[in-house]
Amino acid sequence: MARVYNFSAGPSILPEEVLKQAADEMLDYQGSGQSVMEMSHRSKVYDKIIKDAEKDLRDLMQIPDNYKVLFLQGGASQQFAAVPMNLMVNGVADYIITGQWAKKAYQEAKKYGKAVAVASSEDKTFSYIPDCSDLPIDEDADYVYICHNNTIYGTTFHELPNTKGKILVADMSSDILSQPVNVTDYGMIYFGVQKNVGPAGVVIAIIREDLIRDDLPEYVPTMLKYKTQADADSLYNTPPCYGIYICGLVFKWLKKLGGLEEMKKINEKKASILYDFLDSSKMFRGTVEKKDRSLMNVPFVTDSDDLNAKFIKEATDAGFVNLKGHRSVGGMRASIYNAMPVEGVEKLVAFMKKFEEENS
Ligand SMILES: *Cc1c(COP(=O)(O)O)cnc(C)c1O
């Protein structure tokens, strides 16, 4: 059976090499006589899997020693609550609202403390990143929060906000490992892995050690305290073992490919193939401000809903799947994550050109 070109926003495409290796190791992981799904999370063999995954992520992102790497569950959405519970010391945090995920995080934080929306791009359907060079950051703010790449709208922070000395917390679910990141610019980075790394069910948090507190209020659930997870090396309870194993394989795949500098070059190449075509097309156009365009998620439209629907149908029939845009934007969206080969984007653009010729 032929594999499709999968442009899903998430869960999304994984490297074929990784899937094949996982298939090979399914019944007998490296002579253990068991699948990774079946083995104890306290076993020696699993301990190596999780430790190697952490080490490879640290190598790839050059994570400094004073940052902890935590493997968590509950999806990125659970972090919308965990972040304020762990980081609001003064009970105040500033949120930059650049899309639905940032807005949800803000709404969740408001349940817990004083969350302030210091900037927003909701006035234009989140089609741009607001100017964040001089925001009214609260003197008592415990952190400034961003969603680094807006999966639904296709915008990204090419320049980080001026936080006026406050720590920055970033949701990087949809662009983690797409390019090098200077980890020390952040107090905390977290991501649900199902967009650009692995299967749904794993969240990874990278957090500066001094922000992991052991004096949280009594009522904070044990499982939601970063301290619990940090002290137990992410093995306080059963972690999402198999998902972490797949993430580990993806980290090795990235290292073999040449690391994040190399990945960035490939991602820039893919994105420019698609954006250049959108900019030259008379039928298709991108929906966001050019300066804020994402490398990973590319929403685009035609001027007609009927034509959009026709395009999505014909593209699907031709093996380019999951191109339907988010319902709040309409049209199409191509998510071109790390695992999407250059060839997939070239073929998509060739298909779009042909569609334009046939329908204009
Ligand atoms: C998909 C996504 C989420 C939500 O992830 P869940 O794991 O489903 O909770 C949050 N933030 C961003 C940026 C996303 O792309």
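Residues numbered from 1 in each chain as written. Predicted model: local features only at pLDDT ≥ 70, side-chain atom pairs only at ≥ 80, totals over all residues. Heavy atoms only, no water.

Counted according to the given criterion, the structure contains 26 salt bridges. Here Arg 3 ties to Glu 16 by a salt bridge, and the two come within 3.5 Å at their closest N and O atoms. Of the two residues, Arg 3 is situated in the segment before strand E1 (5–6) and Glu 16 in helix H1 (residues 16–24); the sequence distance between them amounts to 13 residues. Classification of Arg 3 by relative accessible area gives exposed; the value is 51%. One salt bridge connects Lys 255 with Asp 56, and the closest N-O pair in it is separated by 2.7 Å. With Lys 255 in helix H6 (residues 241–257) and Asp 56 in helix H2 (residues 44–61), this residue pair connects regions lying 199 residues apart in the sequence. Judged by its relative accessible area of 33%, Lys 255 falls in the partly exposed class. By relative accessible area, Asp 56 is classed as buried at 6%. (Salt bridge = Lys/Arg side-chain N within 4 Å of Asp/Glu carboxyl O. Helix = DSSP H or I, 4+ residues; strand = E, 2+ residues; numbered from the N terminus. Buried < 20%, exposed > 50% of the residue type's maximum accessible area, 1.4 Å probe, protein only.)

Here the focus is the site of the ligand. What surrounds the ligand is the set Gly 75, Ala 76, Ser 77, Phe 80, Trp 101, Cys 147, Asn 149, Thr 151, Asp 171, Ser 173, Gln 194 and Lys 195. At 2.6 Å, a side-chain N or O of Ser 77 approaches an oxygen atom of the ligand. Within the side chain of Asp 171, a nitrogen or oxygen atom sits 2.6 Å from a nitrogen atom of the ligand. In isolation the ligand exposes 390 Å². Once the protein is present, 86% of that is buried. For the shell around the ligand, the element with the most residues is helix H3 (residues 75–87), which contributes four residues. A class-by-class count of the residues in the shell around the ligand yields four nonpolar, six polar and two charged. (Near = heavy atom within 4 Å. Polar contact = N/O pair within 3.5 Å; in protein donor to acceptor, adjacent residues only side chain to side chain. Areas by Shrake-Rupley, 256 points an atom, 1.4 Å probe, with all protein chains shown as cover. Nonpolar A, V, L, I, M, F, W, Y, C, P; charged D, E, K, R; others polar.)

This next bit is on the environment of Lys 51. Mapped onto the secondary structure, Lys 51 falls in helix H2. Taking the relative accessible area as the measure of exposure, Lys 51 reaches 39% and is therefore partly exposed. Considered as a pair, Lys 51 and Leu 323 are 272 residues apart in the sequence and their alpha carbons are 36 Å apart.

Now for the domain arrangement of the protein. It is common to give the size of an interface as the accessible area lost on bringing the parts into contact. When cut into domains, the protein gives domain 1 (17–257) and domain 2 (258–359). Distance between the C-alpha centres of domain 1 and domain 2: 27 Å. Taken residue by residue, the interface counts 30 residues in domain 1 and 27 residues in domain 2. Taken over both partners, the interface formed by domain 1 and domain 2 buries close to 2300 Å², and the fraction arising from carbon and sulfur atoms is 56%. (Domains from an automatic or database assignment. Contact = heavy atoms within 4.5 Å. Buried area = accessible area lost by both parts, 1.4 Å probe.)

Look at H2: 26 Å from first C-alpha to last across 18 residues, which is about the 26 Å you get at 1.5 Å a residue. When we look at burial in H2, the residues that qualify are Tyr 46, Ile 49, Ile 50, Ala 53, Asp 56, Leu 57, Arg 58, Leu 60 and Met 61. In this structure, the buried residues of H2 make contact with strand E2 (67–72), strand E9 (188–192), strand E10 (203–208), H6 and helix H7 (259–280). Just downstream of H2 lies Gln 62, where phi reads positive at about 50 degrees. (Expected span 1.5 Å × (residues − 1).)

Moving on, we come to the environment of Asn 149. Along the polypeptide, Asn 149 turns up in strand E6 (residues 149–150). Taking the relative accessible area as the measure of exposure, Asn 149 reaches 2% and is therefore buried. Through-space distance from the C-alpha of Asn 149 to that of Asn 297 is 8.5 Å; in sequence the pair is 148 residues apart. Dropping the residues within four chain positions of it, Asn 149 is found in contact with Thr 155, Thr 156, Asp 171, Ser 174, Asp 175, Ser 294, Met 296 and Asn 297. A polar side-chain atom of Asn 149 sits 3.2 Å from a polar atom in the side chain of Thr 156.

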